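# Examining the three-dimensional arrangement
Okay, here's what each chain looks like letter by letter:
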Amino acid sequence: MKKTGFTAALLFLFSGWAAAQGMKMLELQGGYMTPEDTKAGAIFGIHYGVSADERVDLSIGLSCFHKGYSKTTEVATNTGGSGIDVTTEKKLLEYSTTMIPLMVNVTVHFPFHPSWGFLAGGSLGYEFLFDTYTNHETQVSEKIRFKGFGWMARAGSEWAIGSRSFFNLEAFYNCCKVKGNKKTAAGIPTWNEVDVSGIGFRAGVRVLLY
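Residues numbered from 1 in each chain as written. Predicted model: local features only at pLDDT ≥ 70, side-chain atom pairs only at ≥ 80, totals over all residues. Heavy atoms only, no water.

### Considerations on the overall build of the protein chain
Secondary structure assignment for the protein chain yields one helix and nine strands. Moving toward the C terminus, one meets the helices and strands of the protein chain in the order α-β-β-β-β-β-β-β-β-β. Per-residue burial for the protein chain yields a buried fraction of 35% across its 210 residues. Accessible area of the protein chain: about 12200 Å², with a carbon and sulfur share of 61%. (Helix = DSSP H or I, 4+ residues; strand = E, 2+ residues; numbered from the N terminus. Buried < 20%, exposed > 50% of the residue type's maximum accessible area, 1.4 Å probe, protein only. Areas by Shrake-Rupley, 256 points an atom, 1.4 Å probe, with all protein chains shown as cover.)

Set out below in structure tokens:
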């Protein structure tokens, strides 16, 4: 609870400061992530904040990771009147995992050439995980929400594509364990835990807004 309150206060204070300074930076990213306790999937995000100077960006980032899976089996194959084969499929089970990290980001840029350079950064915030599982054979369905404090380290390269726009490629490591389904059994607290730590890669476009 203390970590949750601290993170919420940090995000609130930063957003208020950024609004006072004027938003000057927008970044859109998309890529691939491999969490420890769930299957790998796509991740997309947006960063919005300020360019403190020509080297440092401060922003709030909202990302969305998603992975879905379903298992089907072939029931029958029939030949239709037009001579084509029609296959009937049956869905046995399906699940969906969605993770939403909300982060405060600091990114430092290291120009190596007028049109190319390196970048490194760190992120701190709170992560939410929504997991849905349905077994159609047994008619069992489960929905669990998880949340937890996390941080992220990032490094990569960027290329200028205009006077105020840049294309970047980066690798990142997300460190977080989210908890859910908290309850007390025989006076002993219990909960479910998912390790969403893992590496990922993404590309994006950063635009300076003057």
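### Looking at the pairing of strand E2 (residues 41–51)
Two strands pair when backbone bridges link them, and strand E1 (residues 25–35) and E2 are joined in this way by nine bridges, in the antiparallel orientation. Opposite Gln 29, over in E2, you have Gly 45 as the bridge partner. Linking two consecutive strands that pair antiparallel, namely E1 and E2, is a turn of five residues. (Pairing = 2+ DSSP bridges.)

### Focus: the confidence of the model for the protein chain
Across the protein chain, the average pLDDT comes to 84, with 84% of residues at 70 or higher. Ranking the elements of the protein chain by mean pLDDT puts helix H1 (residues 2–21) last, at 55, and strand E9 (residues 198–208) first, at 95. (pLDDT = per-residue confidence, 0-100.)

### What to know about the pattern of salt bridges
A full pass over the atoms with the stated rule returns four salt bridges. Here Arg 154 and Glu 170 are joined by a salt bridge, their closest N and O atoms 3.8 Å apart. Pair noted here: Arg 154 is in strand E6 (residues 140–160) and Glu 170 is in strand E7 (residues 165–185), with a separation of 16 residues, a long-range link. Among the residues examined, Arg 154 registers a relative accessible area of 5% and is labelled buried. Judged by its relative accessible area of 5%, Glu 170 falls in the buried class. Overlapping salt bridges, with partners in common, bring together Asp 57, Glu 158 and Arg 206 in one network. (Salt bridge = Lys/Arg side-chain N within 4 Å of Asp/Glu carboxyl O.)

### As for the state of the cysteines
One pass over the structure, following the stated rule, counts zero disulfides. We note that Cys 176 lacks a disulfide partner, and the nearest cysteine sulfur, in Cys 175, lies 7.5 Å from it. Under the relative-accessibility criterion, Cys 176 is labelled buried at 3%. (Disulfide = S-S within 2.5 Å.)

### Section: a nonpolar patch on the surface
On the surface, a nonpolar cluster with roughly 420 Å² of combined accessible area is contributed by Trp 159, Ile 161, Phe 167, Leu 169 and Val 205. Within the secondary structure, Leu 169 is located in strand E7. (Patch = residues over 30% accessible without salt bridge, like charges linked within 9 Å, V, L, I, M, F, W, Y side chains within 5 Å.)

### A word on the nonpolar core
Formed by 14 residues in total, the largest nonpolar core has its most connected members in Met 33, Met 99, Leu 129, Phe 146, Val 178, Val 194 and Val 196. Elements supplying a minimum of two residues to this core: strand E4 (85–113), E6 and E7. Contacts of Met 33, omitting those with residues within four sequence positions, involve Ala 40, Gly 41, Ile 43, Phe 65, Met 99, Phe 172, Asn 174, Val 196, Ile 199 and Gly 200. (Core = buried A, V, L, I, M, F, W, Y, C linked by side-chain atoms within 4.5 Å. Contact = heavy atoms within 4.5 Å.)

### Side note on the packing of aromatic side chains
Each pair of aromatic rings is reported with the distance of its centres and the angle of its planes. Taken as a whole and assessed by the stated rule, the structure comprises six aromatic pairs. Residues Phe 112 and Phe 118 carry aromatic rings whose centres are separated by 6.0 Å and whose planes lie at 65 degrees to one another, so their mutual orientation is edge-to-face. Members of the aromatic cluster, connected to one another through ring pairs, are Phe 112, Trp 116 and Phe 118. The ring of Phe 166 has Arg 206 lying over it, and the distance from NZ or CZ to the ring centre is 4.5 Å. (Phe/Tyr/Trp six-rings, centres within 6.5 Å; stacked < 30°, edge-to-face > 60°. Lys NZ or Arg CZ within 6 Å of the ring centre and 35° of its normal.)

### A closer look at the side chain of Ser 123
Mapped onto the elements, Ser 123 comes out in strand E5 (residues 116–135). Ser 123 gets classed as buried once you look at its relative accessible area, which sits at 6%. A distance of 2.5 Å separates the side chain of Ser 123 from the side chain of Asn 105, its partner in a polar contact. Those residues in contact with Ser 123, other than ones at most four positions away along the chain, are Met 103, Val 104, Asn 105, Gly 150, Trp 151, Met 152 and Arg 154. (Polar contact = N/O pair within 3.5 Å; in protein donor to acceptor, adjacent residues only side chain to side chain.)

### Some details on the side chain of Thr 107
For Thr 107, the location among the structural elements is in strand E4. Overall, the relative accessible area of 10% leaves Thr 107 in the buried class. Of note is the side chain of Thr 107, whose polar atom sits 3.1 Å from the side chain of Arg 154. When neighbours within four sequence positions are excluded, Thr 107 is seen to be in contact with Arg 55, Val 56, Asp 57, Leu 119, Ala 120, Gly 121 and Arg 154.

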